[in-house]
Every structure is written in C-alpha cells, then in structure tokens.
Amino acid sequence: MLLKKHYINTPLFPSPSLKSKYGLNVIYKMECYQPSGSFKIRGMDHFLKEIYSQGYKKVIASSGGNAGYSLAYVGNKMGIKVQIIVPESTSEYMINKIKLLGAEVLIYGKDFDEANAYAIQLSKESDLPFVSPFDHPLLWQGHSTLIDECAAELKEPDRIIVAVGGGGLLCGIFEGLVRNNWLNTKVVTAETEGAASFAKSKLENKLITLSEINTIATSLGAKKITPKALEYASSFNVETYVTNDSVAFTACKDFFDEYHVLVEPACGAALSYLKAKHNEIYSNENILVIVCGGVNMGMEKYLEYAEKFK
Ligand SMILES: *Cc1c(COP(=O)(O)O)cnc(C)c1O
C-alpha cells in the first residue's frame, strides 16, 4: 500500500531585510510552515511509515517538544497510537497541544534523560517501537528530503545554517548534501551557550556530555549529540556558532517582522548567525538558512521573553 505523505514541500523565501541591512543573499527554507510547525514531521512521517508496514499500531516516545508534537500529528493521521513520556519540567502549554492531537501523555522524571530512560524501558516491556526525538537513521532519512527540495530549485549554496540539538536535523542535512552532490557547502551549526553539546564535541573531536542544559532554546537541549553527527561532520567544512538566549530571541522577533511567523529561540539561534557574522560573509555568497520552526513558544511565552530581554 502506498502511504500518503503528511509533510509539505516547503517554500524557499528570500530575505529582502538582510539584503538591505548587510548586503547578504539569504534564502530561507520555511520549515516553520509544516503543519506541525517544524521539520520534525519529516522524520516522524518516514519513521511511522516503516513502523506501520511492520504492522505496529502503537509507539512510545520521550519528547515533550516538537518531536513529540510532530509524532502525535503523524500518528493521528495514520491511526497509530502514540504514548509520550515527558519530564515534570514540560510546559502545560506543550502537554495540552500534544493531547489535542490525540496522543497519550505520561509525566515521569525530573529531566529529559529520566523520561527518556523510562520510555525505553516501557517500550521493551510492551514490545512496542521506541521513537527517539533525534537518534535514528529513519529520522535522518526523513529530514534529508528538505535538501532534495532545495536542490530542485537552487544551485549549491556557499553556506547552510542549521540549528543543532541532538544532531538529528544535522545528520539529515549531511545526508541530503551528499545525495545532491553539494559537497562544497560550508555547514554552520548554531547552538546557544547553555546547550552547546555539538560545538564542544566538535572542538575536542569526541562526544562530550553536558552536565546540565541551561537555555530558553529548549529544543537544542540535548546533553549529548548522536555520535553520527560528529562522524559525518568530519568529512565536511563545518563552522560551529554559539550564541546566547537574548540574541536568539531577538532573531525570532526580527524574523516575525519579516515573515510574520513566530519561531522558537532554537530556530532564532540559527537566524541570528547572519546579523552576528555578516562581517565574515562575502557579499557574493549564497546562504541557505533552515528555518526549523518550532511550536514551543506561544504568544504568552513570547511576551514574557520580550519583557525579560528588553
Ligand atoms: C528538534 C529541533 C531542533 C534540533 O534538532 P536536532 O535534530 O535535535 O538537532 C532545532 N530546532 C527546532 C525547532 C527543533 O524542533
């Protein structure tokens, strides 16, 4: 049976604002327009199709963020039951959004690692597939389709800017770049100081586990990246960029003023690179920014941060 795809082919939009302010040629890949508000839907769609073809009718996952939300969205469409274990720190806002899509939410543990470990245990006990928010080849394969879409419309960019949490999106980007023979593109990874697990690992060329996560860019909050991200990175020209919460938030504000979409600070981290580093970019470079999106910051949260960072 041919299964329908649940994500959309997102548009590529230029940035007249960054052109006029800094003379930069920037194209935005608008993943914020996905029905679940982020690129995560690509990986989840790909993963659940595989699960479905194996005959499973239920999965167990561990993310109270965009991964859980996208999984709930696709599960709902495909008629696969989704149980999501989230830590006590998860916002009421996200729990309610995920429940609205028909998923079952169980609160367990004080942080992501505890919830994640419990989700893995439950999946083993019940012999059901476990869905990681970032650490699975099927997710990377799904995410990589976004580069295929870019390659159908653009020539190879000089730089691509991508936010990194656990590195699932980054692995998908690397796979897409290889498949489309975009091997000279410089890959800029964006993180915030309180979640810079990729930048630290890249610097020391080994996997570093952060002792804590301390950032408003919660979607970047993986203490440890997937080993594959570091492995792929060794065969690309990679620049690590680390910013702070205030700068990431301001970039969300600027992006809203340009395209009227509210994205998360995780996405703001990537967007902020252009303003922060415009002096280091040649005016003839073509830059592709993955506007990864995110639904974690609603209007109330936005107003709270606007007050905090003013
Ligand atoms: C998940 C997510 C990220 C980070 O993706 P990883 O695959 O964990 O590296 C960045 N931004 C948004 C909006 C996300 O949902």
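All values reported here derive from a predicted model rather than from experimental measurement.

Lay out the domain arrangement of the protein with the relevant residues and their values.
Many authors give the size of an interface as the accessible area that is lost as the parts come together. What the domain assignment reports for the protein is domain 1 (12-39 + 138-308) and domain 2 (40-134). For domain 1 and domain 2, the distance between their C-alpha centres works out to 24 Å. Taken together, the contacts link 28 residues of domain 1 with 21 residues of domain 2. Interface of domain 1 and domain 2: buried area, both sides summed, is about 2,100 Å²; carbon and sulfur atoms make up 58% of it. It is Leu-138, Leu-139 and Val-295 that lose the most area in domain 1 upon contact with domain 2, and together they represent 30% of the buried surface on that side. Here domain 1 and domain 2 share four salt bridges between them. Taking the shortest distance from any N to any O, the salt bridge between Lys-223 and Asp-111 comes out at 3.4 Å. Applying the counting criterion to the domain 1 and domain 2 interface returns 14 residue pairs in polar contact (both at pLDDT 80 or more). It is helix α6 (residues 137-153) that contributes the most residues to the side of domain 1 that touches domain 2, nine residues altogether. The class makeup of the residues in the side of domain 1 that touches domain 2 is eight nonpolar, 14 polar and six charged.

So what's going on with unusual backbone geometry? Which residues, and what values?
Of note, Asn-181 is a non-glycine position whose phi angle comes to about 60°, a positive value. Within the fold, Asn-181 resides in the loop between α7 (168-179) and β8 (186-192). A relative accessible area of 54% means that Asn-181 is categorised as exposed. Here the phi dihedral of Asn-205 falls at roughly 55°; this positive angle occurs in a residue that is not glycine. Of note, Asn-205 is situated in the loop between α8 (197-204) and α9 (227-233).

Could you give an account of the site of the ligand, with specific residues and numbers?
If you check the shell around the ligand, you find 16 residues, and the closest are Lys-40, Gly-165, Gly-166, Gly-167 and Leu-169. Between the ligand and the protein, one listed contact pairs an oxygen atom with a backbone N or O atom of Gly-165 at 2.7 Å. Interatomic distance of 2.8 Å between a backbone N/O atom of Leu-169 and an oxygen atom of the ligand. Look at the ligand: alone it shows 380 Å² of surface, and the protein chains cover 98% of it. Here the residues of the shell around the ligand are counted per class, giving seven nonpolar, eight polar and one charged.

Quick notes on the rules
- Residues numbered from 1 in each chain as written.
- Predicted model: local features only at pLDDT ≥ 70, side-chain atom pairs only at ≥ 80, totals over all residues.
- Heavy atoms only, no water.
- Domains from an automatic or database assignment.
- Contact = heavy atoms within 4.5 Å.
- Buried area = accessible area lost by both parts, 1.4 Å probe.
- Salt bridge = Lys/Arg side-chain N within 4 Å of Asp/Glu carboxyl O.
- Polar contact = N/O pair within 3.5 Å; in protein donor to acceptor, adjacent residues only side chain to side chain.
- Helix = DSSP H or I, 4+ residues; strand = E, 2+ residues; numbered from the N terminus.
- Nonpolar A, V, L, I, M, F, W, Y, C, P; charged D, E, K, R; others polar.
- Buried < 20%, exposed > 50% of the residue type's maximum accessible area, 1.4 Å probe, protein only.
- Near = heavy atom within 4 Å.
- Areas by Shrake-Rupley, 256 points an atom, 1.4 Å probe, with all protein chains shown as cover.

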